[in-house]
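Remarks on the overall topology
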Protein chains: 2
Amino acid sequence: MANRKDVAKLAGVSEATVSRVLNGIGPMKESTRQRVMAAAKQLNYELNAIAANFARGRSGNLGVVLPTLPKVHLFSTHYFSEILGGIGEAVRAKGYGLLLLFRDPEEVFDYVSLFRTQRVDACIVLGASALPTEREAMERLAGENLPICVMDQRFEGLNICSVATNHEQGSYEAVKHLIHNGYRRIGFINGSLQYSNSTDRLAGYSKAIQEAGIPYDASIVYQGNYSRTSGRRVANSVYEDLHKLDALFVANDRMAIGLIQGLREKGVQLPEQLAIVGFDDSDAASMTEPQLTTVKVPFYEMGRQATERLLTRISTSEHENEQPPFHEILDTQLIIRKSCGTVKDQLTQ
Amino acid sequence: MANRKDVAKLAGVSEATVSRVLNGIGPMKESTRQRVMAAAKQLNYELNAIAANFARGRSGNLGVVLPTLPKVHLFSTHYFSEILGGIGEAVRAKGYGLLLLFRDPEEVFDYVSLFRTQRVDACIVLGASALPTEREAMERLAGENLPICVMDQRFEGLNICSVATNHEQGSYEAVKHLIHNGYRRIGFINGSLQYSNSTDRLAGYSKAIQEAGIPYDASIVYQGNYSRTSGRRVANSVYEDLHKLDALFVANDRMAIGLIQGLREKGVQLPEQLAIVGFDDSDAASMTEPQLTTVKVPFYEMGRQATERLLTRISTSEHENEQPPFHEILDTQLIIRKSCGTVKDQLTQ
């Protein structure tokens, strides 16, 4: 019986091209496709992707495990859409499919059987939190040395690949910028503390005010949940506290935008009465009035790098188990617009 | 040898639950998972998902084929992110995986082999255009009666399942609203005509002005490419043509937002000097100054419905080939904000 090598030889292409054509992994020149199909037909050779993948223990898919968040249009948030964009670019370049799977954060997700059953060859975990169920799922993984990468969430003491951004440093620089420009009474709106990047942002905020000799005031540290609605809700408390606030650092742009909309409706002059700095540098940050000063996070690049590192890992070595986990930390960048009430050349640092 | 039924019986759960546990398709109660795993172990039964899927000719995945668009962060556009959100919700509810595959619009994508090689059980095509390569890919499909649904793009004469929105009607109502409010010199910024929804919007615009006895003036019909940058670029031409324009209908919100930003930078008073209506009702529409009047498109719902109909189709019948293709057309809704210079109770219709 003819094999893939025979088909490649007859069609005058590489074996990889034969696989891609027969597995429907695009893109592919139409003339090449037809040549391969003709050769396969002539040799009575038809590769069934699942059978072939089963035989070699590969699915041809990178898995991405996403949380199920009630009422949130996941793909419409800057965070998930940009990371997925970067993952998509890298996956496409390597001819892989991108298999999205949803987990319920209340349940312990079984990553191991995802591999055991060969649905994916490697896997990226997005939006993981420090909930006990998620911690337990990760603990089960840690011993297995599977090609899994956790994005933007730290699990202390567990040795799993990760790609993250420096939330503490980014927050520290944002708050320091406000201090350098004369603000002293600086509040903070954080997201849920079940995410390590929320605690990191709090650490960055605390470090900056502490260095400047400003005491930590819990009454101007507010709690949102990273949604625009929660920013609008917090606007009510902020409005009542305006007498004790000069500036606010907000843990993501969505909440900052909700806050701005809520305060503008109450007639608050921005940035004159309150300076605001967001976090993310989403598209919308340049659409608000005033435009939002914010901390740019390289989400797209994080997705791309995590994917490339994972796919390189599984393709270059049959012994991925022997490689130590990788840990990447990418830098943020402060983007100065109008909402912080300062302009670039006032920067004194 | 024990089979799935035996495991289900011993664990006291359904066979479907056994499959879901062993295939790692979450969510699943931890206690249930452990009971199934214990039963499978006791009976020496381990299902390999790929082998099992191969045997029954199912992958457990819904495929979504996306275009490769240079420089566009696909998942960060309202259009793709909302449709994918709706697809994701339906896929998750049915315990399927969502396999994203990228096609190069210049190449003829081989949908048929995607099924033949059992990578997907059903497939949704997003962002298809009327390019000859895409038309050819669809023609190859049409004869096969595969469970494929094309989203929001019409292929005249081909009998393939589709879910779309009524772009012509939505555009007609938007322009009619402007006419009812006294505007006569109404321009139009369209996207690329390679998409059938662009030609539909042009038809809706033309119908509305024609009914009002307003002659079609090609010099105030502008061409963008659905990006914010293209809206900014068109702002230059619009600025020069301000003397012959009262209002502009813009084929999507992104271009409208770029236009607004470009015109505001030139000091144009909006909506006083120019009324603007967008299309989509993206998140950003309520963030601009003035807030954007726009045509709401139920993208999320379109994705959900297409997925549910496809998955029901393949699960209820072994003879899906015998079912005629479905065609859904969902309605749009005019959302009146500030940018059109009118308020709701001025509506005279």
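Residues numbered from 1 in each chain as written. Chains lettered and ligands numbered in written order. Predicted model: local features only at pLDDT ≥ 70, side-chain atom pairs only at ≥ 80, totals over all residues. Heavy atoms only, no water.

Chain A has the name LacI family DNA-binding transcriptional regulator in an unreviewed UniProt entry, where Candidatus Cohnella colombiensis is given as its organism.

**Quick look at the overall build of chain A**
The cut-off we apply is this: What counts as a helix is a DSSP run of H or I of at least four residues, what counts as a strand is a run of E of at least two, and both are numbered from the N terminus. Burial classes: relative accessible area under 20% of the type maximum marks a residue as buried, over 50% as exposed, and values in between as partly exposed (1.4 Å probe, protein chains only). We call two residues in contact when some of their heavy atoms are within 4.5 Å. To measure how exposed things are, a 1.4 Å probe is used in the Shrake-Rupley method; for residues, cover is taken only from the protein chains shown.
Helix and strand counts for chain A come out as twelve helices and twelve strands. Seen along its three principal axes, the alpha-carbon backbone of chain A occupies a region of about 85 × 40 × 40 Å. Considering chain A as a whole, with its 349 residues, one finds that 60% of them fall into the buried category. A separation of at least 24 residues holds for 72% of the contacts in chain A among residues at least 6 apart in sequence. Carbon and sulfur atoms form 48% of the exposed surface of chain A, whose accessible area is close to 14,400 Å².

**Considerations on the environment of Asp 241 of chain B**
All names here are of chain B. Looking at where Asp 241 falls in the secondary structure, it is placed in the loop between helix H10 (228-240) and strand E8 (247-250). Taking the C-alpha atoms as reference, Asp 241 lies 33 Å from Pro 298; in sequence the two are 57 residues apart. Dropping the residues within four chain positions of it, Asp 241 is found in contact with Ser 219 and Tyr 222.

**A word on the packing of helix H8 (residues 167-180) of chain B against helix H9 (residues 196-211) of chain B**
All names here are of chain B. What counts, and what does not: Where helices are involved, their axes are fitted lines through C-alpha atoms of the stretch in contact, as for all axes, and angles between N-to-C directions lie from 0 to 180°. Take the far helix as your reference; a near helix turned counterclockwise from it by less than a right angle gives a left-handed crossing, and one turned clockwise gives a right-handed crossing. Following the grouping adopted for this structure description, the nonpolar residues are Ala, Val, Leu, Ile, Met, Phe, Trp, Tyr, Cys and Pro, the charged ones are Asp, Glu, Lys and Arg, and the polar ones are all others, Gly among them.
Their axes nearest at 7 Å, the elements H8 and H9 cross at an angle of 35 degrees. Like other packed secondary-structure pairs, H8 and H9 cross with a definite hand, here right-handed. Contacts between H8 and H9 pair His 167, Glu 168, Ser 171, Tyr 172, Val 175, Lys 176 and Ile 179 from the former with Asn 197, Asp 200, Arg 201, Ala 203, Gly 204, Tyr 205, Lys 207, Ala 208, Ile 209 and Glu 211 from the latter. Across the contact of H8 with H9, the residue classes tally to seven nonpolar, four polar and six charged.

**A word on the packing of aromatic side chains**
All names here are of chain A. Basically, it comes down to this: Pairing of aromatic rings covers Phe, Tyr and Trp, the last through its six-membered ring, and needs centres within 6.5 Å; plane angles under 30 degrees mean stacked, over 60 mean edge-to-face, and all others mean tilted. The rule is short: NZ of Lys or CZ of Arg within 6 Å of the ring centre and within 35 degrees of the ring normal puts a charge over the ring.
Applying the stated criterion across every chain, the model contains 16 aromatic pairs over all chains. Taking the centre distance of 5.0 Å and the plane angle of 70 degrees together, the rings of Tyr 79 and Phe 299 count as edge-to-face. Of the two residues, Tyr 79 is situated in helix H5 (residues 78-93) and Phe 299 in helix H12 (residues 299-316); the sequence distance between them amounts to 220 residues. Phe 299 shares its class with Tyr 79; the two are buried. Both rings, one in Phe 188 and one in Phe 249, keep their centres 5.3 Å apart while their planes meet at 10 degrees; by these two values the pair is stacked. Here Phe 249 lies in strand E8 (residues 247-250) and Phe 188 lies in strand E6 (residues 186-190), a separation of 61 residues in the sequence. The pair Phe 188 / Phe 249 is uniform in exposure class, with both members buried. Members of the aromatic cluster, connected to one another through ring pairs, are Phe 188, Tyr 205, Tyr 216, Phe 249 and Phe 279. Its guanidinium or amino end placed over the ring of Tyr 172, Lys 207 lies 4.3 Å from that ring's centre, counting from NZ or CZ.

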